[in-house]
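Each chain, letter by letter, is given below.
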Amino acid sequence: MKYTLLLAAICLLNSCNTAIGMWRDTKQGFIWSKNKIQQSRNGGGGNYDPYGAPTY
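Chains are numbered independently. Their residues run from 1 in the order of the written sequence. Only residues with pLDDT of 70 or above have their local features reported here, since the model is predicted, and side-chain atom pairs are shown and tallied only from 80 upward, although totals for entire chains, interfaces and linings are computed over all residues. Values shown for side chains rest on all heavy atoms present in the structure; no hydrogens or waters enter the calculation.

1. Section: the overall build of the protein chain
Next up, step 1: Within the protein chain, the regular secondary structure consists of two helices and zero strands.
Next up, step 2: Each residue gets one of three labels from its accessible area relative to the maximum for its type: buried under 20%, exposed over 50%, partly exposed in between, using a 1.4 Å probe on protein chains only. When the 56 residues of the protein chain are sorted by exposure, 4% land in the buried category.
Next up, step 3: Methods summary: accessible areas were calculated by the Shrake-Rupley approach with a probe of 1.4 Å, and residue burial reflects only the protein chains presented. If you sum the accessible surface of the protein chain, you get close to 5300 Å²; carbon and sulfur atoms cover 62% of it. Secondary structure elements follow DSSP: runs of H or I no shorter than four residues count as helices, runs of E no shorter than two count as strands, and numbering proceeds from the N terminus.

2. Topic: a nonpolar patch on the surface
Next up, step 1: Taken together, the side chains of Tyr 3, Leu 6 and Ile 10 present a nonpolar region at the surface, about 380 Å² in accessible area.
Next up, step 2: Its place among the elements puts Tyr 3 in helix H1 (residues 2–12). Like charges within 9 Å and nonpolar side chains (Val, Leu, Ile, Met, Phe, Trp, Tyr) within 5 Å are joined into patches, using only residues over 30% in relative accessible area that form no salt bridge. For this analysis, a salt bridge means a side-chain nitrogen from Lys or Arg found within 4 Å of a carboxyl oxygen belonging to Asp or Glu.

This is how it looks when you write it as structure tokens:
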């Protein structure tokens, strides 16, 4: 039953705009989580930079 519901949701939400929106939300959630982890490790400083350069 769970798999049938999941398959139905994927089929219904598989439009181009929905897939792009889900990708962007997931990516932004990853960046937010990474920033929070880095801030806790660095004593509250530092932001995520996709190019790998430290930011202050």
